[in-house]
Every structure is written in C-alpha cells, then in structure tokens.
Protein chains: 2
Amino acid sequence: MGSSWGFDRMRRLTRVQVSFRSSRDQDRVRRAVTQRRKHQMSLPAPENAFVTPLLTDFYQISMCYAYFKAKMHEQPAVFELFFRKNPFKGAFTVLAGTDEVLRFVSNFKFTAEHIAYLRTVMPHAEDAFFDYLAELDCSKVKISTIAEGTVVFPKEPLIRVEGPLAVAQLLETPLLNLINYPSLIATNAARMRLAAGPTVKLLEFGLRRAQGPDGGMSGSKYAMVGGFDATSNVLAGMMFDIPIQGTHAHSFITSFTSLDDVDDGLTHGPVVIPDFKQQCVAMRERLGYRTNDSELAAFISYAISFPATFLALVDTYSTLDSGVKNYVAVAAVLASHGIKPLGIRLDSGDLAYLSIQARKQFREADEKLGLDLKLENSTIVASNDINESILHSLKEQKHDIDTFGIGTHLVTCQAQPALGCVYKLVQVRGMPRIKLSNEKDKMTIPGLKQLYRIHGRTGPILDLLTRADDPAPAVGESIMAMHPFQEEKRARVTPVKVEKLLLVRWDGRLVDGYTLPSVSDTREFVKQQLRVMREDHIRSQFPTPYKLSVTQTLFASIRKLWLESSPVAELC
Amino acid sequence: MGSSWGFDRMRRLTRVQVSFRSSRDQDRVRRAVTQRRKHQMSLPAPENAFVTPLLTDFYQISMCYAYFKAKMHEQPAVFELFFRKNPFKGAFTVLAGTDEVLRFVSNFKFTAEHIAYLRTVMPHAEDAFFDYLAELDCSKVKISTIAEGTVVFPKEPLIRVEGPLAVAQLLETPLLNLINYPSLIATNAARMRLAAGPTVKLLEFGLRRAQGPDGGMSGSKYAMVGGFDATSNVLAGMMFDIPIQGTHAHSFITSFTSLDDVDDGLTHGPVVIPDFKQQCVAMRERLGYRTNDSELAAFISYAISFPATFLALVDTYSTLDSGVKNYVAVAAVLASHGIKPLGIRLDSGDLAYLSIQARKQFREADEKLGLDLKLENSTIVASNDINESILHSLKEQKHDIDTFGIGTHLVTCQAQPALGCVYKLVQVRGMPRIKLSNEKDKMTIPGLKQLYRIHGRTGPILDLLTRADDPAPAVGESIMAMHPFQEEKRARVTPVKVEKLLLVRWDGRLVDGYTLPSVSDTREFVKQQLRVMREDHIRSQFPTPYKLSVTQTLFASIRKLWLESSPVAELC
C-alpha cells in the first residue's frame, strides 16, 4: 500500500495549465505544442504488442484477396462499428477503447514476417497481393469516433470508418477486439459506482482472475475510466499513471508462527517506540482479548514496516474473535503514539454483519481505553466476490464498509462477459447497403450518417441519426424523430442543445489539435455525463430505454433499401 | 481460408522422430539435443510482454518489504496453487498455462524502470530493499507442476513453489493470472468437444469478443489444447503453429450490388472457365431459383478467388430462399468442372432446422440435375452464439451440421468467466501452516505434500495427497484413503497403477531433459486422458465428483494444526 492510499497521484494527472506571461513564453509554448502535435501525428504503438494487422480473423485476409482479385479493393466504402444491446440488462454503455484504436490505425503495417506467414497459408494467392499488403497503411482511411467515455446506446455508430474497401475491411477484427472489452469493463465499473454511491471508495483487485495478462491490464485501466479510485495492479499503475493500492494476503499472516518471529521496535519519522511489540501485547491484555498469537505477530510486523498505512487483513483465523481484536490492539498502540492506523480488510463471511460488528468493537475499545484514540474512524475495506447486486444488497443491510475491493466480477464481467459490438458495411461506391437477417435484430441502418445528441432543458432526450447530407438539427427548431424500422413510432422534439457525436479523429493522419485523453480526464467526463442522464435510464433494475431516432429522410431510405433487398419468399 | 481448411499443418506439428543410422548420425543428434537443452535452460520470454514481475498486485510488493524488514525474506517457504471448485458445474478441469509459468520464472527480473517506479510508490522504504529487488531472480526457487493438459480436481496442488519466502510470495499474482484463464478455456473447449462428439469439427472464432487482445490469443491457443481443430485468429496461427480457418463476412456479400460487379472467368490450375459467371447465372435459371443478384455476384467472385475452398455465408438476405440456392448454383458449376465445392455457413436463425433444410435443397438439386455432382456432401458450418448447452440441444434436434464455429461463449467462458485458483502458503521454516476461515471451503491443506493418481483396472479411481515423507503408494498394496476434513469418510483401495503427478520442472533452472510440450502434443494428451476417465465424472449434467483423498498420516497432521490454530470463541 505504501504511500498511495491517498489520491495525490490522481491529481497530478490533470493536464498542466499554462498561463501566458510574455511573448517569449508564448513562443516557447507554441513550440512545445507544435512538437506535441508532431508527436501525436504518429501515435505510439498500441499498449499490447499483439495488436498488429495480423491480430485478425483469417476471413478478413481471404476477403481482402477476393476484393483484390475482383479489383474492388480500392473502391470507397463506409463501415460502422456498433452494438445491438446494452450489457448487464441495462439501458446504457460507456464507450471506451477508442484511444487504442487510433494508436493501432496510426501504426497499421504488416511486417515481413507477417507476409511470409500469410504466403504459407495462402499458397495459391498471386504475388501481387502480398506486395499490395506489404505496402498497405491507413493513409487513405478516415476515422470518426464518438468521444472516449461517452455514454452510448444500441445501434449508434460508435466508430465510422471511411476508406478503400479492402483496408477498411481489414480493420474489423482488431477494432472490435479493442472496443468490446474496454467498453464492457468501463460500463461494468460505472454501474458498480452507481450501485455503491459516490462517497464509497472502489478498488480494482481483478488481475489474478482476469482473462489473461491483458484482461488484467485493460481491466485496471477501464475500471478507472468507469469510476473506480485505484487498482492493485502495479504495472497498470506504472503504465497508465493511476493510483495503486494494497496491504497483505493470508499467506503473510500464516507465515508467522509465534510472537518470537517479530522485532521489538518501530520507528516512524521522529517517533521511536523501542518496545512496540511489548506494548501491543500489553494492550491486548488490557483489552481482555484472547487472540491468535501468530496473527498478532503478523500485524505487529506489518505495522513496523508500514506504520502510517497500517491496514490489517482480519479473517485468517476468526474475524471477530481474533482478527478485529488483534487489529484493535496494534492500532491502539499506534494511535496512542500519534500515528493514525488505517483500518481492516474483511475477505470472507457476511460482510454487512461483520462490518457492523467490527465497528462496534472499535467503539467499545475507544470507550474502554478512554484515550480519545478514535479507532471508530478506522477504514473498513471489504473484498470477496463482490458484484453489482451484492453492492445493492449490502446497502439494504446498512453495511458499515468504507471501501470495496472488487476483482473477479469486475474484470471478467461475470454477469455478461462480452459486449457484442459488430462492424458492418453501410455504403460502398457511394451506394447505401443493408444487411437483412432471419433475425430482425441483426438488421443494419444503411448509408453514410451523422449522429446528434438532442438535449432538452434537463439533459439528453434522444440521439438522432441523420443522413450525412441532411441539415444538422438546430436549437429551437422542431424535428420529427422516427423509430428506424417502425413508422408508427415517432416523436416531435425541439432541441435546447445539440451535440454532434461522431467526430473525425483520423484523416490519413491524426487530425490537428486532437490529443488522446488521459485516463483521469476520461474518468471525469464519464462522471459528468452520468450526472446529467435521466435517473430511469441509468438505474439498475428495469431501466427505461433511451431513444435512438432517425430523421424522416433517413427513415425513407431505410425502407426503400429494405424492400429492394428482401427476396419475395416462394411458398409452395 | 486458403489452403488451411485441411489439417495438414496439424500433422506437421508432431515432433520429428529420429532414427539412428550411424554413430556419425548419433553424434549429430546428440549435439542437437544438447543445444536444445542449453536453449531450454533459459526459456524464451512469456508470449505476452506484460508478463513481468510488475504484473502483480501491489500487496505482494508490500508484503515482500515487510518480510525484508522482518529479515524473513530468505526463510524457506512452500506455496501451493490450486482451485476449490470445478468450473461450469462440472467435475473436472483441464490444467493449462504451466508452459507460460515456466517461461515467466525463467525470465523473472525487475528492470531499472520497474525499480524506479516502485521507489515513487514506496517513498518510505529503505534503499537496501530496492537493491535486493534489483538482484532478485528465481535461481533459489524450485517449481513442481502437474503436466500441462492433465485432468485435475479441486484442492489438488497444481503447482508447488518452494523457495525463499519473499520471492515465492512475489510469484503469486502472475502465476494465478497465467493459470486461471488458460485452464478455464481449455476446460471449456474440452466440454464443448465432449458435447459435440468426436467427429464434428470445431473452430474457434472468438477473437473479436475476447477480453482484450490477450484473451483472444490465449483463447485460440488453449481452445486447441481442449480439443478444437482450428482457429480464425491469424496471429495465433503464426505464433502457435496451429491451423487457421475462415471464409467471408456479411460485409463481403453486401459490398456487391449487382452481377455487373463480377468478372467472368475462373482459373484453377489446368481448369479454365472463361464464362464462369454466365454458367452460374444459367445454372440458377435451370434450377428455377429466384435469388438475390448481389449475393450471387459475391459468391461467384469468392469462387473465382478460392475455387478449391468455396464456402459461402448464406444468411445475408434469406438463408433458404436466397443464400442456399445461390450456393447451389455456384457449387453445381464448380462441381460440373471437377472442382469440389466446400459448403455453406449458417450464421443466424434455427440452426438445426436450417441445416436439415439446406441439406434437403442440396439433395434436390443433385436429383434435379442428375449429374452426380454430390452437392449433398457439402459441408455445413454453423456459427452464431453457440455454447455447450446449444450443442447438446442441437444434437437432440438431430441437426445436420458438420462444423461449428464458436466464438463468444468459448473464449469469454460465458457460463463462468473465471476460474478461482488461489495460491496459499502451506509451510514456512519447515513448519506446516493452515489457513482457517469463516467459510469452511476456504481452508487449506497444510504442509509439503505429494500427489498421486491411483488407477484401478479401468482407469483413474482417486487422487491421493500424501505428506512428502510418506512412502509412495505402491501397485498391489492396499491404502486407506481419507477425506481431508471428515474422518468418517474413507475408502480402502488397492492400486493397479500409480502415477506421480507433481513433477519438478524448475530447480533454479529448467530441469535437465524437460522441454515445453507443443500445443498439438498437449491436445493429444488431453484427448487420451478424457478417454480413460469414468463417463459419469466428465458428463455435462450432474457429474459424480472425483475423489481427492489424503493418507491417514496427512489427515492426522491436518487435524492437529486445525485444532491448534482455531481460537476458542468467547460467548457472552
């Protein structure tokens, strides 16, 4: 845990504000900005070294070859990335992963090794195809995304890719991989934050149970985006500059066998307590406790190493009969020397009951000792298989927990471990395309489109998809908002504010002036947005769906294409 | 898809057999073996670049510091890695990931950048601690594992780590991360293989929905281990030398707008069909089909690129009214020129019904054309949200599917997205340690132990945990096998075969003669083992638990330590 229990590191993440003092200063700033832009025009490689054009489904390469053979590979195409259903039976999703998408696109290049491998698996393909692949990059591609951290809804284009058919097709699998899990985790974390309330601290503890090393790394990063406060993952702390947290495990406790295993003295700055161990043992006596000696030894040893951040795991032998009491004994000695103890961690059993009983023991010790030690204010951390519904149920039981450590259910998204983003062709050679399906839910909304968020007086009312050449909705001007596939479902709305959601971020290179947001910026952005959403859209149980509407002109194009593309069934 | 539809690549994976011809040959072989051993003594880095000592929970570093401060860091300790419950309500688990564990251990080293970061998060720690960390490696550590791919059971030590307390503690989080997901995926894949039966082909399609890039990569690798036949993941194909597979997506179909978009001719080796397109259109006419033109165009184009492996995705517009019929038209032309068409892929709708109806259409076309084209033998591939229970239910519906493509449910293990492996201290300074808990299920089995698989005449009967100094069980000698915590549950057994399961793989360096198994070797090993397990242990519904027993001496030690460590509750 060390020094990072606080959230100082978080504050340091906020972008440095520059104030202009003199023209010389201004010049310096301008130079720095130019340099940053130059740097940003070619972004660093994706965080995970696997993220290369070869991290893809083989059919992307097969299709690419078929396009090449049919001389269609350079035809202009438009693809959209979207999902069809919010995760966790909810009515919202937090978009995340767009930063990695831009880093991937910026570094898109097959290596000689990739090409050599592809030759072995496509022995009949023409040489010219491999020459074409070797030269390929994203300099002819244009990518628009909704901003990282935006609250988004089903069927909305989260990312729009415009460019030559073959290369736009090749982006499908990596883009889906880079968006699906980050968005899922950010949404899961945001839901847990809503369930836990704004004041409780939330720590991400998922690394050990994550789906691979990257599941752990993305888990840590995107849990922060969704509203967590810190992670236990040290590498994530280093790479993403996010606060890290931790105390000790059961093995630390069980590694001590008796009080003989511990040193006597404790030093913390000017405070020197040569007989610290003896004082702890005496304090236990004074409080009338009979507890496990080896556990007390472990706590004393941990306090000697981390006097200012002493937090004890209390369930190794018996939470209420040994662990909490041993904590109280050590904490009381620390507090009596002016060193504030931090608290306990519960890792098994009935967490609401144990937290209430532990707090009661703290209070009783305060009263018994009468030294104004304020042990009552100790932090109670709870971990052990916590999920969103347990957070709700603990709240109903009026728990007395200050901090939750959440692992497995957070990072693996146990309630729904995959978000189903898809990537669909919506236009080719300027012609809108539709995908029908035996399952109505799998239909796509064709054509090059734009997406707007329409706000009323109190916040967002609906999102509006328009044809790219439709006029943008304007404040104060009434619009007819249609259901995409059902003509009878429509609403009239007069915007108080209009937000354009799909923004060009990449146009052969990163667009001028765009910089990737930091984790803490995005985290703040997510928070702000959830604050203005109507409560019934973001509630946990039976939320009201948020509307995605289309303009009348877009509705008409969808219907036309739908009828043209549907075969007339042959009944015999 | 190219040339890889077959499984030639799989065969190439089998280790090269060397036959000795002359002493000169022998010398050459001996030299090669020595070189390989040398190479293996320092294994290559883990597959994922994140896998470093810093990919860990912060409390491991805190504990390490507390051990260092208490001068306990060099004390001899024994840790065990195990899980408490089989996943997917089953009664078995396939162990996987031990290869990556050995690669991690072999390359364990904090970098200067790691140390610099740790200094910032532990500003009060002593300098000597960071010097100690900078020097740390696994040269004093001994690691025993059960063989990669072994069928294993709850509470068995899958990995045993012996070594200095601090470094053995530091291995916890990375080892858990490296074992949990691979074992989960391998088990999931093995269960799907059991559900699908031995003859159906199983393809892994999960990359796009996986939990991050690494979820995708491990998913592909360990699905093969569990019994899948190929993956769509190209990078996994290259890195792990496993067969890859793929055809085309809906976007390929929708990228065609009319028959004018397609070339006329097809060439395949000596076969040249200049009017291929016209022949396909005429064949559709002859068969009396009215289908979607742009879909037919896409199929023709794909056949031109991949004549020998023509497989068509048939559900873009209407599976039975357009897709299957368009496939039949193109396939009939190919077949009439002696090129065997491959088949269709169904990606939505009622897969059992559609597969039966599609086969019927193939048969009707064969009869109508009377050309002995054998379209009936086309492969039917089915994808779309398939999981284990859908495989069972499709079997009941007597589906006519030859190959399943399984993505989301396989790689994210939707039914249970995490395996709960834990890593517990079982001995320190030669003394056995126990972890009690409010939850009985969380108790550990203390002490340095060995694990044996006891076989009866027809296969494995039970696994037996012994104290390390107990005599090994012997063939023909009767043993009393006890439940670890319940004295009244015991059985007498006389082994027909005894298998020692925990084998030393690392003893400061990789042990002589051990080489990491290939994916295909492990895959074969998993298959063999599932073949000899009693059917009721591996069945999907309500399986019989497989017994893990302990010797009488081990039982006695557990009881002794349990009583010693339990506090006597204070009732007031």
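Residues numbered from 1 in each chain as written. Chains lettered and ligands numbered in written order. Predicted model: local features only at pLDDT ≥ 70, side-chain atom pairs only at ≥ 80, totals over all residues. Heavy atoms only, no water.

A. Representation of the overall build of chain A within the structure. Tallying secondary structure elements over chain A gives 20 helices and 22 strands in all. With the principal axes as the frame, chain A shows a C-alpha extent of 85 × 70 × 55 Å. Going through the 572 residues of chain A one by one, you find that 64% of them count as buried. Here chain A has roughly 21,700 Å² of accessible surface; of this, 51% comes from carbon and sulfur atoms. Charge separation in chain A, taken as the distance between the mean sites of 69 positive and 62 negative side-chain charges, equals 6 Å. (Helix = DSSP H or I, 4+ residues; strand = E, 2+ residues; numbered from the N terminus. Buried < 20%, exposed > 50% of the residue type's maximum accessible area, 1.4 Å probe, protein only. Areas by Shrake-Rupley, 256 points an atom, 1.4 Å probe, with all protein chains shown as cover. Lys, Arg positive; Asp, Glu negative; His and termini not counted. Charge placed at Lys NZ, Arg CZ, Asp CG, Glu CD.)

B. Here's a closer look at the packing of aromatic side chains. In total, this model carries 36 aromatic pairs over all chains according to the counting rule given. Seen from their ring centres, A:Y65 and A:F129 are 4.9 Å apart, and the 65° between their planes marks the pair as edge-to-face. On the criterion of sequence distance, the pair formed by A:Y65 in helix α3 (residues 58-69) and A:F129 in helix α6 (residues 127-135) is long-range, its members being 64 residues apart. There is no split in this pair, since A:Y65 and A:F129 are both buried. Aromatic ring contacts, followed pair by pair, group A:Y65, A:Y67, A:F68, A:F129, A:F130, A:Y132, B:F252, B:F256, B:Y302 and B:F306 into a single cluster. The residue whose ring lies beneath B:K221 is B:F240, and the NZ or CZ to ring-centre distance is 5.2 Å. Sitting above the plane of the B:Y289 ring, B:K325 keeps its charged end 5.5 Å from the centroid. (Phe/Tyr/Trp six-rings, centres within 6.5 Å; stacked < 30°, edge-to-face > 60°. Lys NZ or Arg CZ within 6 Å of the ring centre and 35° of its normal.)

C. Structural view of the pairing of strand β13 (residues 403-406) of chain B. All names here are of chain B. Burial of β13 is two-sided: the residues T403 and G405 facing one way and the residues F404 and I406 facing the other way are all buried. In this sheet, β13 lies alongside strand β6 (residues 201-204) in parallel orientation, the contact comprising 4 bridges. Directly across from L202, in β13, lies its bridge partner F404. Two elements, strand β12 (residues 379-382) and β13, share 2 bridges in a ladder whose sense is parallel. Its bridge partner being in β13, V381 is matched across the sheet by T403. For the crossover from β12 across helix α16 (residues 388-396) to β13, the handedness is right-handed. (Pairing = 2+ DSSP bridges. Right-handed = clockwise from strand over helix to strand, strands pointing away.)

D. Looking closely at the domain arrangement of chain A. Examined at the domain level, chain A breaks down into domain 1 (58-187 + 417-565) and domain 2 (247-401). Placing the centre of domain 1 of chain A and that of domain 2 of chain A at their C-alpha centroids yields a distance of 51 Å. (Domains from an automatic or database assignment.)

E. Focus on the pattern of salt bridges. For the structure shown, the criterion picks out 60 salt bridges over all chains. The shortest N-O distance in the salt bridge between A:K449 and A:E80 comes to 2.7 Å. Here the residue A:K449 occupies a position in strand β16 (residues 449-455), and A:E80 occupies one in strand β1 (residues 76-82), the gap between them amounting to 369 residues. For the residue pair A:K449 and A:E80, the accessibility class agrees, reading buried in each case. For B:R103, the salt bridge goes to B:E47, with nearest N and O atoms at 3.6 Å. Pair noted here: B:R103 is in helix α4 (residues 98-106) and B:E47 is in the loop between α2 (23-41) and α3 (58-69), with a separation of 56 residues, a long-range link. By relative accessible area, which is 15% here, B:R103 ends up buried. (Salt bridge = Lys/Arg side-chain N within 4 Å of Asp/Glu carboxyl O.)

F. Broad picture of the packing of helix α8 (residues 172-196) of chain A against helix α9 (residues 212-226) of chain A. Residue and element names in this part refer to chain A. Where α8 contacts α9, the two axes come as close as 8 Å, and the packing angle between them is 45°. What the angle tells us is that α8 and α9 run oblique. The chirality of how α8 crosses α9 is right-handed. In this structure, α8 contributes Y181, P182, I185, A186, A189, A190 and R193 to the contact, and α9 contributes G215, S218, G219, Y222, A223, V225 and G226. (Axes fitted to C-alpha atoms, helices over the stretch in contact; angles between N-to-C directions. Parallel < 35°, antiparallel > 145°, perpendicular 65-115°, else oblique. Left-handed = near helix turned anticlockwise from the far one by under 90°. Contact = heavy atoms within 4.5 Å.)

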